[in-house]
Amino acid sequence: MNEAERRAVETVENAQRAMERGDIPGFLAHFAEDGMVNDPLAPAVVGRAGLEQWLQGLLAVCSKVEMLELKPFASGRNVAVKVTLRLVGRNGRTATAEAIDVFELDESFRIQKMTAYWDPAPAMQALMG
């Protein structure tokens, strides 16, 4: 892994761990000002205000987001991460989900775009049903 890939992976892992801790400012600090998230749970969100609202929405449903596995694959400033999530709902129910998150980082190693690939329906049904 070269230096750019190492830095990109470090940024992505730090953002994911901030999400896991529910640290919204810490999560946002890893994104570019006009960063974007594409997630099946919501339409594309752009900018830190949108990203904050998106993460607050997730945390409104989940009392805990635990990343059981983070396996990054880097290519330059792009990183794909295979992740296994355990989500604990505010209702006390637990769900597990598998996802692939793809990150594109800018030249400052800030996340410009994150695209999440997963099927949220089973997890959300378990957590909200």
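Residues numbered from 1 in each chain as written. Predicted model: local features only at pLDDT ≥ 70, side-chain atom pairs only at ≥ 80, totals over all residues. Heavy atoms only, no water.

What's the story with helix α1 (residues 3-21) in this structure? I'm lost.
Count 3.6 residues to each turn of an α-helix, and residues three or four apart come out pointing the same way. Helix length check: α1 (19 residues) gives 27 Å between terminal C-alpha atoms against 27 Å at 1.5 Å per residue, within 8%. Among the structural elements, α2 (24-28), α3 (47-61), β3 (62-75), β4 (78-89), β5 (94-105) and β6 (111-117) are those in contact with the buried residues of α1. Of the residues that open α1, the one with a side-chain oxygen 3.1 Å from the backbone nitrogen of Ala 4 is Asn 2. Of the residues flanking the end of α1, it is Gly 22, one or two places downstream, whose phi is positive at about 75°. (Helix = DSSP H or I, 4+ residues; strand = E, 2+ residues; numbered from the N terminus. Expected span 1.5 Å × (residues − 1). Contact = heavy atoms within 4.5 Å. Polar contact = N/O pair within 3.5 Å; in protein donor to acceptor, adjacent residues only side chain to side chain.)

Is there a simple way to think about helix α4 (residues 120-128) in this case?
For α4, every residue scored as buried is listed here: Pro 120, Ala 123, Met 124 and Leu 127. For α4, the angular spread of buried residues about the axis comes to 95°, placing them on one side. Contacts from the buried residues of α4 go to α3, β3, β4 and β5. The residue sitting at the N-terminus of α4 and contributing the capping side-chain oxygen is Asp 119; that oxygen lies 3.2 Å from the backbone nitrogen of Ala 121. (Buried < 20%, exposed > 50% of the residue type's maximum accessible area, 1.4 Å probe, protein only. Arc of directions from axis to C-beta.)

Would you take a moment to explain the pairing of β3 for this structure?
Summarising the sheet, β3 and β4 pair through twelve bridges and their orientation is antiparallel. Its bridge partner lying in β4, Lys 71 is registered against Lys 82. (Pairing = 2+ DSSP bridges.)

For this particular structure, what's the right way to read the environment of Gly 26?
Mapped onto the secondary structure, Gly 26 falls in helix α2. Measuring from C-alpha to C-alpha, the distance between Gly 26 and Val 9 comes to 16 Å, with 17 residues separating the pair along the chain.

What is the right way to read the pairing of β5 from this model?
Regular strands place their side chains on alternate faces of the sheet. Alternating residues of β5 divide into Ala 95, Ala 97, Ala 99, Asp 101, Phe 103 and Leu 105, all buried, and Thr 94, Thr 96, Glu 98, Ile 100, Val 102 and Glu 104, none buried. Bridge analysis of β4 against β5 gives eleven bridges, and the strand direction is antiparallel. Note that in β5 the partner of Asn 78 across the bridge is Glu 104. Between β4 and β5, which pair antiparallel and follow one another directly, the connecting turn spans four residues, one of which, Gly 92, has a positive phi of 90°. Here six bridges tie β5 to β6, and the two strands are oriented antiparallel to one another. Opposite Phe 103, over in β6, you have Met 114 as the bridge partner. Hairpin remark: β5 followed by β6, antiparallel, with five residues in the connecting loop; positive phi at Phe 109, about 60°.

I would appreciate a short explanation of the side chain of Thr 115 in the present structure.
On the secondary structure map, Thr 115 appears in strand β6. With relative accessibility at 14%, the residue Thr 115 sits in the buried group. Leaving out residues up to four positions away in the same chain, Thr 115 has contacts with Asn 38, Ile 100, Asp 101 and Val 102.

Help me understand the sheet that holds β4, please; the structure alone is not making it clear to me.
Strand pairing within a sheet occurs via backbone hydrogen bonds; the two strands may be parallel or antiparallel. Spatially, β2-β1-β6-β5-β4-β3 is the arrangement adopted by the six strands of the open sheet, whose pairing is mixed. Each of the sheet's edge strands pairs with one partner strand only, and the pair in question is β2 (42-46) and β3. Along the sheet, successive strands turn relative to each other by an average axial angle of 20°, direction set aside. Strand direction decides the pairing type here: strand β1 (residues 31-39) and β2, joined by three bridges, are antiparallel. Paired with Met 36 across the bridge in β2 is Val 46. Most of the contacts of α1 go to β3, to which it runs at about 170°, and overall it touches β3, β4, β5 and β6. (Axes fitted to C-alpha atoms, helices over the stretch in contact; angles between N-to-C directions.)

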